[in-house]
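Architecture and fold: a report
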Amino acid sequence: MKGLVYEGPRQVAVKDVPDARIERPTDVLVRVTATNICGSDLHMYEGRTDLEAGRVLGHENLGVVAEVGSGVERIRVGDRVCLPFNIGCGFCRNCEDGLTAFCLTVHPDPNMAGAAFGFAGMGPFDGGQAEYLRVPFGDFNCLRLPEDAEEKEDDYVMVSDIFPTGWHATRLAGLRPGESCVVYGAGPVGLMAAYSAMIQGAKKVMIVDRHPDRLRLAEQIGVIPIDDSKGDPVQQVLDQTNGKGADRGCECVGYQAHDPQGTERSNMTMNNLVGSVRFTGGIGVVGIFLPADPGSQDEMQRNGQIAFDMGTFWFKGQKVGTGQANVKHYNRYLRDLIHEDRAKPSWIVSHDLPLQRAPEAYDQFDKREDGWTKVVLKP
Ligand code: NAD
Ligand code: ZN
């Protein structure tokens, strides 16, 4: 089969790779029909991780069940399914608590929690930027889609990661209806966090970035764009909130935060959030902070540390929640919002492309070229 393979920093290619197949009785084999490129793929693409050459990327997947293992009870050949990016077992303590991003049994290293498709450090599982995908514990991990699956494919594929991840950011922050929320980062994840806050009835949602095309997109759904190249974003948020700060804040950038001049400053968004959120407010951090990035321009991040303003954070009595999104905890509800036309996350899709064009798409998305917001690949 064809698959998009990581070959080295900023080098990916569509190649013949070994066919994905059923390896265990509980596996499901999916013929992939839609698979996104994610900001998280860029950590690997840019060579910031120890991902080995030859791995197939792709953790935001949707497709049609082609084959099921002998131990699969619920999922049937022909079902259209959306796959969470995290792989859970369904029976460990964390999966039972809904914390499927921290599954205790799927990762082969017993000291690790959490596994994912096509991801450095998250187990040996290949991704779905390919014709077929092997899904471990298929009964647990496959989310069956309703009859409008094909028609709304670009909506449902967002339920594999960025829609639940954006939603998770608002839940970690503790957002309630009628509150205000500021989102740092207007990439696909930040746009989905802002969208989630709107759906949940926030009274005012702000988003900080400096890419005019991304800020314009946010504005189209009623979010207030804040351009940090035009002045201190913390002050701009305070100006929007009677000087008090937003009730809730979402971090959707991660350790690759830059200042508007382009210098990498890993601690920037966290400190801006502490400044932008009110006393006793909440912060949800879904942007990825790697334990270390030896190639970073930022000295602290090279050593895997972030110089975060703990003093102000403590003094303001703020709360913070972090981590990978437990996609399975939200995906049924978000699927049903889409099915009932209460949500349409495909508004962020800028490109639907054949798998063959993935290398070009990686290059453009990595450069945050104007208009390259979210790419859906169609194997
Ligand atoms: P992206 O790189 O497309 O978007 C990041 C955006 O942040 C860009 O538009 C960039 O201009 C902006 N930015 C950079 N520095 C900034 C600053 N100082 N202030 C405000 N904005 C700034 O990526 P994405 O796909 O939107 O993903 C965002 C983050 O979320 C990544 O770290 C990704 O790995 C992570 N992620 C986490 C999860 C999870 O489960 N927790 C899931 C998916 C993605
Ligand atoms: Zn992703």
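Looking at an unreviewed UniProt entry, one finds the chain named Threonine dehydrogenase-like Zn-dependent dehydrogenase and attributed to Saccharopolyspora dendranthemae. As recorded by UniProt, the Cofactor (unreviewed entry) comment attached to the chain reads in full: "Zn(2+)".

Close to ligand 1 lie 32 residues; G39, G185, G187, V189 and G254 are nearest. Its residues placed into classes, the shell around ligand 1 shows 14 nonpolar, 12 polar and six charged. Residue-level mapping places the shell around ligand 1 at the junction of two domains, with at least three residues from each of domain 1 (2-161 + 326-378) and domain 2 (162-322).

This paragraph deals with the pairing of strand β12 (residues 277-285). Here β12 lies mainly inside the structure; seven of its nine residues are buried. Sheet topology places strand β11 (residues 246-251) next to β12; five bridges connect them, and they run parallel. Paired with R248 across the bridge in β12 is G282. Regarding the hand of the β-α-β motif, the stretch spanning β11, helix α9 (residues 268-276) and β12 is right-handed. Where β12 meets strand β13 (residues 319-322), four bridges bridge the pair, whose relative direction is parallel. Across the sheet, the residue bridging to I283 is V320, located in β13.

The subject of this paragraph is the packing of helix α8 (residues 233-240) against α9. The N-to-C vectors of α8 and α9 enclose an angle of 25 degrees; their axes lie 9 Å apart at closest approach. Compared by their axis directions, α8 and α9 come out roughly parallel. α8 and α9 meet at a crossing whose hand is right-handed. Side by side, α8 and α9 meet where P233, V234 and V237 of the first sit next to N272, G275 and S276 of the second. Counted by class, the contact of α8 with α9 contains three nonpolar, three polar and no charged residues.

Quick look at the UniProt feature "domain: Alcohol dehydrogenase-like C-terminal" (unreviewed entry) in the chain now. UniProt's entry tags residues 188-316 with the feature "domain: Alcohol dehydrogenase-like C-terminal" (unreviewed entry), counted in the numbering of this structure. Secondary structure content for residues 188-316 is 37% helix and 19% strand, while the C-alpha to C-alpha distance between its ends is 30 Å.

A word on the pairing of strand β1 (residues 2-8). Sheet topology note: the β1/strand β2 (residues 11-16) ladder contains six bridges and is antiparallel. Pairing of V5 across the sheet is with A13, part of β2. The antiparallel hairpin formed by β1 and β2 contains two residues in its connecting segment, where R10 sits at a positive phi of about 55 degrees.

Analysis parameters
- Position numbers for residues start from 1 in each chain and track the written sequence from start to end.
- Labels are handed out in written order, letters beginning with A for the chains and numbers beginning with 1 for the ligands.
- For a predicted model such as this one, the threshold for reporting local features is a pLDDT of at least 70, and the threshold for listing and counting side-chain atom pairs is 80 or more; totals across whole chains, interfaces and linings nevertheless cover every residue.
- UniProt positions are given in the numbering used here, feature names are shortened, and annotations may be inferred rather than shown by experiment.
- A molecule or strand has a residue near it when that residue's C-beta atom, placed from backbone coordinates, lies within 6 Å of it.
- Think of it as three bins: nonpolar holds Ala, Val, Leu, Ile, Met, Phe, Trp, Tyr, Cys and Pro, charged holds Asp, Glu, Lys and Arg, and polar takes everything else, Gly as well.
- Domain start and end points were adopted from an automatic or database domain assignment.
- Our exposure labels follow a C-beta count within 10 Å of each residue's own C-beta, placed from the backbone: buried means 20 or more other C-beta atoms, exposed means 12 or fewer, and partly exposed covers the counts in between.
- Strands are runs of DSSP state E lasting at least 2 residues, helices are runs of H or I lasting at least 4, and numbering of each runs from the N terminus.
- For two strands to pair, DSSP has to find at least two bridges joining them.
- We call a crossover right-handed when, viewed with the strands running away from us, the connection from the first strand over the helix to the second turns clockwise.
- Helix axes are fitted to C-alpha atoms over the stretch in contact, other axes to C-alpha atoms as well, and angles between N-to-C directions run from 0 to 180 degrees.
- For classification purposes, an angle smaller than 35 degrees is called roughly parallel, one larger than 145 roughly antiparallel, one from 65 to 115 roughly perpendicular, and anything else oblique.
- Helix crossings are classified by the rotation of the near helix relative to the far one: an anticlockwise turn of less than a right angle makes the crossing left-handed, while a clockwise turn makes it right-handed.
- Two residues qualify as a contact pair if the distance between their C-beta atoms, derived from the backbone, is within 7 Å.

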